[in-house]
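If you want the building blocks of each chain, they are given just below.
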Amino acid sequence: MHTSTDLIRRFRWPGSPYHLAALRIAIGAQTLYAVNSKIFDLLLAVGKRQKVTTIFPAWFDDFTAAHLVPGLVVFCTVGAILLTIGLFTRVVLPLLTTAFIVLYGFYYLGANAPAQWLYLWFPLLVLCFARSQDVWSLDAMLVRRRGGRTEQDPVNYRWPIELCVLWFCYIYFAAGLAKVLPMSKGFAWFNGQTSKEIIYYRYLDSPFHYLFGEPFLNYAEASVIFGVITVAALLLELATIVLVLTNKYHLWILGLLVAMHLFLYMTGVGGFTQTALMLGIALMPMTWFDRNMRQPVLGER
């Protein structure tokens, strides 16, 4: 049985600056992709809002929609590029994080599908306090040219990775709980009806439609397959709690979740595979990025 000491032990393990740098590069590239979506132009043109609230007061949301969105897109684009190449990283990160949260506050008012925001805002915040620029960056190159040294205590490279692992777990475990609580909502998921409706309404947007030219599942009547798909996805999402208890199964969990997202993409539910892979870098073995480091495993004696 794991004790509370066991659960925090990973934060004290040595980490690799290359692992953390790989996560920084992926987050920068995904942020660049996210802020250059055409959805912002569409939301500005439509101007319609959902009945939701953000962390900002209403007057600030109005001001953002009226004056800030185009400038925020440009600002975040430049910031994401600088983050990816690792230039002025310590200055860029807090500015980019703030601008990204404001920009996606506007996005959320118009589109209730916060995929990019959900996966990115917390890792960006974590990087604000991390040393992700010590390798694979222009910052590190400039320091070395001046005769300086970038690498620090290896523990400094571990805690940001572990916090992102916990965030990965939170995203999926919370999604699993949201499907079954309250129980009245859970019954609609367990019988497959919700999954059936999602796949049905997005069929014309799905690659399956263009590959086969006809429905690949029977939408006209109840089918056990929708229930099986739903239960399997639910169990997988709830199984991510294992990420907190041990790092033995990180790759299994990541692989199964990516497979789930690829299947959803084929049914017309896009937008999650890329973000899962981006944040999933935190789950990958440290030895993939630094052969000189040993990968400790929680539970080994």
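The structure we're discussing is the one just above.
Caption draft 1: Broad picture of the layout of surface pockets. Of the pockets and cavities examined, the largest pocket occupies roughly 1500 Å³. Lining the largest pocket are 45 residues, with K179, H261, L264, V269 and F272 sitting closest to its centre. For the lining of the largest pocket, the per-class residue count stands at 31 nonpolar, 10 polar and four charged. By volume, the second largest pocket amounts to about 230 Å³. What lines the second largest pocket is a set of 12 residues, among which T53, T54, I55, Y108 and W117 lie closest to the centre. Among the elements that make up the lining of the second largest pocket, the one with the highest residue count is helix α5 (residues 89-110) (five residues). Among the residues forming the lining of the second largest pocket, the class breakdown is eight nonpolar, four polar and no charged.

Caption draft 2: Main features of helix α4 (residues 58-85). Along α4, the largest kink reaches about 75° and is centred on L68; proline P70 follows within four residues of it. Packing partners of the buried residues in α4 comprise α2 (17-35), α3 (39-46), α5 and α6 (115-127). Just beyond α4, the residue with positive phi is G86, at close to 75°.

Caption draft 3: Just the packing of α6 against helix α15 (residues 273-280), in detail. At a minimum axis separation of 10 Å, α6 and α15 run at an interaxial angle of 20°. The angle between α6 and α15 places the two elements in the roughly parallel class. Here the hand of the crossing between α6 and α15 comes out left-handed. Each of Q116, Y119, L120 and P123 in α6 lies in contact with α15, whose residues at this interface are T275, A276, M278 and L279.

Caption draft 4: Layout of a nonpolar patch on the surface. A cluster of nonpolar residues, L177, L181, M183, F187 and F190, forms a patch on the protein surface that exposes about 480 Å² of accessible area. In terms of residue count, helix α9 (residues 183-190) provides more of the nonpolar patch than any other element does, three residues in total. With a relative accessible area of 37%, F190 lands in the partly exposed category.

Caption draft 5: Local environment of the pattern of salt bridges. Under the definition given, this model contains five salt bridges. Close ionic contact of R49 with D62 constitutes a salt bridge, the shortest N to O distance being 2.9 Å. You can see R49 sitting in the loop between α3 and α4 and its partner D62 sitting in helix α4, a full 13 residues away along the chain. Overall, D62 belongs to the partly exposed group, its relative accessible area being 40%. Put simply, R131 and D134 hold a salt bridge, and the shortest N to O gap is 2.9 Å. Residue D134 is classed as buried on the basis of its relative accessible area of 2%. The network of salt bridges with shared partners includes R10, R158 and E162.

What counts, and at which threshold
- Residues numbered from 1 in each chain as written.
- Predicted model: local features only at pLDDT ≥ 70, side-chain atom pairs only at ≥ 80, totals over all residues.
- Heavy atoms only, no water.
- 1 Å grid on protein atoms, 1.4 Å probe; cavity = no way out; pocket = protein on both sides within 12 Å on 5 of 7 lines; lining within 4 Å.
- Points joined across faces, edges and corners; volume = space filled by probe spheres on them.
- Nonpolar A, V, L, I, M, F, W, Y, C, P; charged D, E, K, R; others polar.
- Helix = DSSP H or I, 4+ residues; strand = E, 2+ residues; numbered from the N terminus.
- Bend = angle between axes of the 7 residues up to and from the residue.
- Contact = heavy atoms within 4.5 Å.
- Axes fitted to C-alpha atoms, helices over the stretch in contact; angles between N-to-C directions.
- Parallel < 35°, antiparallel > 145°, perpendicular 65-115°, else oblique.
- Left-handed = near helix turned anticlockwise from the far one by under 90°.
- Patch = residues over 30% accessible without salt bridge, like charges linked within 9 Å, V, L, I, M, F, W, Y side chains within 5 Å.
- Areas by Shrake-Rupley, 256 points an atom, 1.4 Å probe, with all protein chains shown as cover.
- Salt bridge = Lys/Arg side-chain N within 4 Å of Asp/Glu carboxyl O.
- Buried < 20%, exposed > 50% of the residue type's maximum accessible area, 1.4 Å probe, protein only.

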